[in-house]
Each structure stands twice: as C-alpha cells, then as structure tokens.
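# Secondary and tertiary structure notes
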Amino acid sequence: MHSDESVDYGKENISVTVRFRPMSEREIHRGDDAAWYVDGDIVRSEFNPSVAYTFDKVFGASATTRNVYDTVARNVVRGAMEGINGTVFAYGVTSSGKTHTMHGDQNYPGVIPQAIKDVFSIIQETPDREFLLRVSYLEIYNEVINDLLDPAGQNLRIREDAQGTYVEGVKEEVVLSPSHALSLIAAGEEHRHVGSNNFNLFSSRSHTIFTLTIESSLRAQGPDDEVTLSQLNLIDLAGSESSKTETTGLRRKEGSYINKSLLTLGTVIAKLSEGKASHIPYRDSKLTRLLQSSLSGNGRITLICTITPASSNMEETHNTLKFAQRAKRIEIYAAPNRIMDERSLIKKYQKEITKLKQELLLIKRGMTERPYATTNQEDLLTLRQQLEAGQLRMQSRLEEEEQAKAALMGRIHKLTKLILVSTKNNLSGSFPDVAHNRRHSFAESEEVRFSFYVQSYDEQSDLDTSSFPPDRCTDSSSIDLGNGQEHVSHSDQIDLTREQVKMLAGEIALRSSSLKRLTEQAANHPDDFQVQIGKLRDDIEDKKSQMQLLEQRITELGERSSYPEMSQVTRCSTAIEKLTSQLNEKAFELEIRTADNRVLEEQLQSKVAEIKDLQEKNGRLQQQLQEALEKASHQKIAEIEVLSQERSRLSEENNCLQMKNVKLEEEACYAKDLAAAAATEIKDLTEQIKKLVFQNTRLSNEALSITCQGKTGRISVSSVDRRLMIPYAVQALKEEVRSKREKQAYLEQTVSEKQALEKELKRKLDESKQREADLENDLASMWVLLAKMKTNDPPTSGPVQDVVEITECRPERNVSTAVAPISPQSVESAANIQKIKEQHQELERLRTSGSEDKETDDLKALLYDEDKHAHVCKVCFEAATAAVLLPCRHFCLCQPCAVACTECPLCRSGISDRIVTFAS
Ligand SMILES: Nc1ncnc2c1ncn2[C@@H]1O[C@H](COP(=O)(O)OP(=O)(O)OP(=O)(O)O)[C@@H](O)[C@H]1O
C-alpha cells in the first residue's frame, strides 16, 4: 500500500464490463430465445454475426458476483484506499440485474458489501497507516436528492467548490466496522424508493449513491504530514424503461425521470468519448452533476453493464451495449489525492488529540508536582498556613481539575476510537479469534487506541457476547492511572460496551431488513426461504439477548464505578452518561420504527396518490363522457330541427308545386282545348275551302260551257243572265275564299301561339315535376338518414331518448317507395307533347296536300284486325263501331269506351265530334 512513488499513475480508460444474467422464468415461459451470447470478452448477436462488441471483461450468466468483484471492482477499492477516487456503477435496463450486482442478498453479497469488507481488510493489512472512514448514502428520486441516512435530509442541493461537486448538508457517519457500515446501508435501503413494474417486483425507482470517504495518514507523523483523502462511489442506477414496461401514474412519472437522467448520462458519456473540448451537459441532470468530478477528473471508474440475453429485450440490450462501447473510449486520470487542509477530518482529530493530551499532561503535572513545588521551609509554613486557611478552596479546585481531566480523557478516548488502525503490528497474537473485538491498546504514553480485528464478510456477522466476557474487559482495561482514574477505565468500558450495543443494534437492523425482504420474496416461494428466514430470526433473537447481556454489563460497570470516594459530580456525570446511552438506544429504536413507519407511510401515500390519480382520471372520463353525450344529443337535436324545418319547407314547396302543377294542367287542358277547337275549325275551313273550290270549279266549267254555247248561238236569256252573273259570283267566291284563308291564317297563328304557350307550359310543368321529384328524393334521403340515426343511436341517456321520441313522432314512411326519383308520367307527358306536335304537323301536311280522307283510311287500317275481320277497340279489344280522331291519335272507341281516350291522360277531354263510323 501507498508505494505510489513506484506506481506509474496516468491516463486510463474507463473499465467497462458486461454481465449477463440468466433468463428469468418469465422470459422462459414467454418462449424467449437467447439473442446474445458470450464469446470470450466479446458479446455477439445470435441473429446477426456481424454485430459483436468487445469489452474489458464479459461475464456469462454463471459468473458469481464474487468473480465480478474480484475482477473489476477490487482494483477500484484498493485504489480508493490509496487515495485515488473510485466509482463503480451498474447500468442496464430494468430487471437486468443491477441491484443484484451492487447489493446482492444474504447468499450472494454484492459489490457494495464486498467492497466494505475489503476496505476493513486493507486497513488490517496496513499497520503503518491510520484511517478514518465516513459514509453517506443518498438517492436521486425524480430529480430530487434525498439523504437515505437522515430522513430529514430531503431535497438536498448540489454545490461546487474547488474540489468539485458535493451535496450540501448530506449526513456523513463515521464507520467503525463492516457491520456498522452495512447496518447503515440497510437502514438507508429502508428509505429507498422501490416499486414494482411488469418486469421486476422490486424495481429500483431511484439512483442510489453510496459514498465511502477514506482519509489516511502515516501513524507516526508530524502535524504537517500528508493526508490522503479519496472517495469511493458505489452506484446502483435505476433501470431504463422501454415502452414495454407497463407503468401508469406515479410509476410512469418515475420512469420518465429515470429515462431522462440516463439519457443525459448517455449524452455526457458520448461527448466525453469523443474526446473533443465541447460542452458537456453535466448540469442537465442531478446524476451527471454528481458524477461530474468522477467522470471528468481523477479517479478510476468501472462500469458494469448488466444485460439479459432474452430476445424480447434484444433492442434494449443492444442500446446498453452501444452505451458501454462509447463509455470504453473515455479516458480519465488516476492519481492519488493529497490534502493537508481543514477538509481532513483525521487531521483535525489528530490535532485535537495532541492538544488535549498536552492539556492533560499539564493538569497531571499540576496535580502531582504542586505538593513538591516548594521545598523551602518558609514557603512550606506559608503553604501550610494557606492550606489551613483555604483547605476547602483547594479541595474544590482539585476536584475541578480532576473533573476536567476526566472530561479530557473521555474526549480523547472518543476521538481516538474513531480512527482505525491495524491490530497486526502491536497486538499480533495477543488476541484470540474474537470477532469484532475492539480493545484499548494502551501505549506507554497512556494513549488510548482502539483497534479492529476485521474478519471476513462471511464471519463478520458472528458477533458473540462471549467475545466480550465481562472479566476480560475489566482485565484489559484495568489500568492504573493514578488517583481517581479507575472510574475512567470503567467509563471506557461502559463506552466500549455501549459501542458494542450500538453495533449489535445495527446488525439487528440489518438482519431485520433482510428478514423483511426475504419475507416478501417468500410470499412467492415459501419453501425456498423458510430455512433462511428461520436462521435470520434465530440470529436476531441471539443478537437481542447479546444486547441485553451487554446492557446488564453496562449497568454493572456503572454501579461498580460508583465508589463512595467518587465525587458527586462524577457520579452525576456517570448517571447522565447512562441515561444518555439509554436515550441513544431508545432513539435508535425510535429511528428504526420511524423508518418502518416512513416506509409504510410512503407506501400508503403512493397508494393514496395512485387512488387519487385514478379517481381524477375516472372523474375526467365521466365528465368527458357526459360532455360527449350532451354534445351528441345537442347535435342530433339540432340536426333533427334542421331536418324538420327542411321537411316543412319541402312540403310547402311541394304543395306550391302541386298547386302550380294543377294550374299548369288546367292551362294545358285549356291549351289543348284551344288546339282541338282550332284544329276542328281548320278542318271545317278546309272543308269549306274544298267545297268552294269545288263550286268554283263547277262554276268555271259552267262558265266555260256557256261561253261555248254562246259561240255556237244556243245561249238563252237565262243563260245570258247567269253568264252576266258569273264574274260577280266568281268574284264573291274569291272574296269568300280569301276571307276564309285570312281567317284560317289567323286561326293558324292562334294555334301556333297556343302551341308555343302550351310548349312553354309543358316545359314549366316538366321542370316543376322534376323539381318535385328531386325534392321527393331529398326528403326520402332525409327520412333514410333519420331512420339510420334512429337505429345507430342506442337510447343511453336522457337527451338521446328525446331524440328517439322525436323521430318516432314522424309519420312512418316506406323508405323504398319514398325514393321514387322521376315520375314516369312526366316523361310520358313530354313524349306525348312531342307526339301531338308531330300529329299536328302531319295533319297540316295532309290538309295542304288535300289527302284528307287518307286520314280516315289510316284510322280504319289502324283499327282493323285481320284475324277478326273487324275494327277492334284497342282498349277493350271489342269490335269497334266507331272511331274518333283524337289529337293524340290514340284511337278509338267501341261503345263502352266512347267516353274518352283511355290511353293518355292528355286526350281525356279531347274527344272530337268527328267520328268515323265503321260498317258493321
Ligand atoms: N446474475 C444473476 N443471477 C441470478 N439472478 C439474477 C442475476 N441478475 C439478476 N437476477 C435476478 O433478476 C431479478 C431482477 O434483478 P434486479 O432487481 O437486480 O434488476 P435491476 O436491474 O436492479 O432492476 P431495476 O432497474 O428495475 O431495479 C432479481 O430477481 C434478481 O435476483
């Protein structure tokens, strides 16, 4: 140890180790395959041969934590004992084995207990140095730093000084033995935030940092000699959580804090590994801020990355491996720290001890030398007179000095016992195999020294009361220190015994905590843990009885020290000490209970918070549901209102259109009548014209014959008269024909106007019918929509029920029949109008061509049935006796049907009086 002059300290890389854990039962049941495997110090992917990562050391699933400690952590611990800062931390996803590696359990102690054991072993192996150890234990929970050793130390702040970052106000306990340190960790663990997720029943919800501050100096040194001070940080990080980790409420919040801080750690590591002088975001999280000194300054760092080979976690494991790979590139400088300032507690204690020893020496000298200070007879007489005169005063002064000396002895004793030294050099062989036995090793200078015999971790728990036999303690401590010193040695023994009681209390706390954890684990596997639980219970009982014995011993010692010659003040102080010790024990007990209560309280609070969360969520959901329902019902009501308005508007429009339709029909009828009348008149006119033409022809012929007779001389008077009259008659006839033609032209114009009007009216009628059909369609679609809404919306609440009632109030309609787009009648009407037009044109053509009778022949031919040899009514298929020429040319009529044309509605009132009678 401390041969650092010969050691070549310098740049080192972070030591990066990977530790596989075996596949859990859960993973095996799920049918996971191994996605990663160990190949020497390489981690390889089972699925992709090109993916391989090399590390300083890779431990397979069968490796024990002892192997891991010996290979990668021991070096860091030894360095810390030499003054080189050391950090060991476990990194990995949740349930990958970080806590198993760092803390372990009763059967497989983790890196932290093994490091503590190692530290005390090293003290034992280093007789030339004395050490002072302090521990602190804190957690970073949701970015808040809490002191796990002091429940009052919550939300602590990080400060920075020349030496680096530190936590302000964190409690540091001086530790005297491995079990003392372990009991502090056990007490601290009780306060740590632990919760369960779907991967881990006892998942760490916070990062914990256990710091051992080690001071050491040479045993025989001057006040200006060097002191080394170093810190050993043992860190159990909380596990990163992926989306597969099913968490809600508080757990999710914790998970996000954990992930954020680990992400920052990843970024810091990545930046450091680049080796460039860029900005390192240490301040982005409390974790990196606290690790700043370790990551950027002097020291040794070992990173243990824990992974699972399971294929279901392949991606997360790959991320861990990449993180580890980056961390491997970081270089740090490992060199011991040397300090000589007031930061050294050991220095402070040593100085105080020296000072107090000098004071004690002075007092002693005063007490022993004063009676012989004067040898002169006169002085002797004077002194005697003075003594006689102030005997009482002297007496009390002596008593005061005695008290001061006792107090000083006590203080020296207390301070000295905090400094740990090896027992090997001065006490080797002088002690039997006694575990944890601390003894005063009084040197010639009456120096009180405690030494420790540090046993191995496995044995260290076997503290036995037989190790402290009352008489042996008395023997070893019954040192003649002169007047009034016997009670001092009794007081030492009481102190010693109290210290043992404290240690036992610590061990009981440690075992109680282990018992609690085992009992929790035993809930799942009762058989596996029964023996261990029984053993632990026996142990605890054993320790308790040891404590009782030691307490008895303290009482006895207290009584023994109550000698009659002891001054009242000393007795009082002993009684006070006794009471103080009892008070301390009670306080310790109370602390343990308070810790238990706090854990329960925290659990209760977290449950209450969870319940509150759930209630709030529930409330919110109900509110949302209510709002959604209200919104939906309001929407539906509004839609229905709109639809009903639309419906009434449509029905109004429909009525309007129907009225228009009727009007148009009436107009159409009127137009038709007009057209029919015009047609009849035209025919009449045509008849008359024909007659007139015929008469004209006849008259022309007559006039011609008269002319011929005149030529032949056979003209009679009457013939002459008639001959004279012919030009007038022709003239009259011509006049008549002309007027008839004018009339015809006028009528034709009227007819064409009527036709145009009729056409316009028909068009309007068509349009309105089309519009009516469209509206009918719209209305029908709306009814379909309403019907759909009615079937889709279950009547869940009040407002929705209202909707149903409203829709039910509507007249029931057959939706399929309601959807009747365009009336075929309107199409037919249009076709008929076209037909009428064509017939009129045909009529006109016939009229002008003079083949009028062809029409009658056509009609007859049309109705003539070859089979029956008769004219047949096309409506009733009876033999028709007569037929009428209708504008639509839809024929005809037998007697029963001779009321109206039954074929098309347009012709119903258009029966002409021109009836063609068929020969029977
Ligand atoms: N190397 C190992 N050998 C055997 N069992 C292991 C090993 N590593 C972990 N385990 C077991 O796996 C489980 C989870 O381990 P642990 O609690 O240490 O995970 P963790 O990484 O600390 O999880 P978290 O981040 O959630 O706190 C525990 O039951 C532990 O006993």
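Residues numbered from 1 in each chain as written. Predicted model: local features only at pLDDT ≥ 70, side-chain atom pairs only at ≥ 80, totals over all residues.

### Digging into the overall build of the protein chain
In terms of regular secondary structure, the protein chain is built from 22 helices and 25 strands. Taken across its 920 residues, the protein chain has 31% of its residues classed as buried. Long-range pairs, those at least 24 residues apart, make up 72% of the contacts in the protein chain with a sequence separation of at least 6. (Helix = DSSP H or I, 4+ residues; strand = E, 2+ residues; numbered from the N terminus. Buried ≥ 20, exposed ≤ 12 C-beta atoms within 10 Å, placed from the backbone. Contact = placed C-beta atoms within 7 Å.)

### Some words on helix α5 (residues 178-191)
With 14 residues, α5 extends 20 Å between its outermost C-alpha atoms, agreeing within 8% with the 20 Å of an ideal straight helix rising 1.5 Å per residue. Of all 14 residues that make up α5, 14 are buried, and the element is covered over most of its length. (Expected span 1.5 Å × (residues − 1).)

### Side note on the site of the ligand
Taken together, 18 residues lie around the ligand, and G97, T99, S203, S204 and G239 are the ones closest in. Considering each element in turn, the shell around the ligand owes the most residues, 3 residues, to helix α3 (residues 98-102). Of the residues that constitute the shell around the ligand, the class distribution is 3 nonpolar, 13 polar and 2 charged. (Near = placed C-beta within 6 Å. Nonpolar A, V, L, I, M, F, W, Y, C, P; charged D, E, K, R; others polar.)

### Details of unusual backbone geometry
Of note in this structure, N142 is not a glycine but carries a positive phi near 50°. Mapped onto the elements, N142 comes out in the loop between β8 (129-141) and β9 (144-147).

### Describing the packing of helix α4 (residues 111-125) against α5
In the contact formed by α4 and α5, the axes pass within 9 Å of each other and the chain directions differ by 155°. The orientation of α4 relative to α5 falls into the category roughly antiparallel. Where α4 crosses over α5, the two elements pack in a sense that is right-handed. Between α4 and α5, the residues in contact are I112, P113, I116, K117 and F120 and P178, A181, L182 and I185, respectively. (Axes fitted to C-alpha atoms, helices over the stretch in contact; angles between N-to-C directions. Parallel < 35°, antiparallel > 145°, perpendicular 65-115°, else oblique. Left-handed = near helix turned anticlockwise from the far one by under 90°.)

### Points about helix α8 (residues 314-327)
Given a rise of 1.5 Å per residue, 14 residues ought to cover 20 Å, and the 20 Å separating the end C-alpha atoms of α8 matches this to within 8%. Among all positions in α8, only E316, T317, T320, L321, F323, A324 and A327 are buried. All buried residues of α8 project into a common sector of 160° when viewed along the axis, lining one side. (Arc of directions from axis to C-beta.)

### Topic: the pairing of strand β3 (residues 36-39)
With 4 bridges joining them, β3 and strand β4 (residues 42-45) adopt antiparallel strand pairing. Looking at the pairing, V38 lines up with V43 of β4. Hairpin connection, β3 to β4: the antiparallel pair is bridged by 2 residues, and G40 has positive phi, about 65°. (Pairing = 2+ DSSP bridges.)

### A few points about the sheet that holds β4
Read across the sheet, 3 strands follow the order β3-β4-β5 without closing on themselves; strand pairing throughout is antiparallel. Because the sheet does not close on itself, it has two edges, and the strands there are β3 and β5 (52-54). Each neighbouring strand pair of the sheet contributes to a mean axis angle of 20°, computed without reference to strand direction.

### Here we look at the nonpolar core
V119 and L303 are the most contacted members of the largest nonpolar core, which has 97 residues in total. If you count residues domain by domain, this core takes at least three from each of domain 1 (12-340) and domain 2 (506-560). With residues up to four places along the chain from it excluded, the contact list for V119 reads V77, M81, L133 and L212. Among the nonpolar cores identified, the runner-up in size contains 9 residues, and A671, A675, A679 and L765 belong to it. (Core = buried A, V, L, I, M, F, W, Y, C linked by C-beta atoms within 7 Å. Domains from an automatic or database assignment.)

### Re the confidence of the model for the protein chain
When pLDDT is averaged across the protein chain, the result is 72; 60% of the residues are at 70 or more. Per-residue pLDDT stays below 50 along residues 898-912; that stretch engages in 36 contacts with residues further than four places along the chain or on separate chains. Interface confidence for the predicted complex, expressed as ipTM, amounts to 0.98; the pTM equals 0.47. (pLDDT = per-residue confidence, 0-100.)

### What to know about the pairing of strand β2 (residues 15-20)
The element β2 is largely enclosed, with a buried count of 6 among its 6 residues. Burial of the side chains of β2 extends over both faces: S15, T17 and R19 are buried on one face and V16, V18 and F20 on the other. Bridge analysis of β2 against strand β17 (residues 300-307) gives 6 bridges, and the strand direction is parallel. Residue pairing across strands places S15 opposite T302, the latter belonging to β17. Direction of pairing for β2 relative to strand β6 (residues 57-59): parallel, over a ladder of 3 bridges. In the sheet register, R19 faces β6, and the bridge partner there is F59.

### Some remarks on the environment of S217
Assignment of secondary structure puts S217 in strand β15 (residues 207-218). Sequence-wise, S217 and L229 are 12 residues apart; in three dimensions their C-alpha atoms are separated by 9.1 Å.

### A closer look at the environment of R283
Within the secondary structure layout, R283 lies in the loop between α6 (249-274) and α7 (286-296). Between the C-alpha atoms of R283 and V268, which are 15 residues apart in sequence, the distance is 9.9 Å.

### Considering the packing of helix α2 (residues 65-81) against α4
Across the interface, α2 lies against α4 with an axial gap of 9 Å and an inter-helix angle of 45°. Taken as axis vectors, α2 and α4 run oblique relative to one another. Handedness of the crossing formed by α2 with α4: right-handed. Contacts between α2 and α4 involve T65, V68, Y69, A73, R74, V77, R78 and M81 on the former and, on the latter, V111, Q114, A115, D118, V119 and I122.

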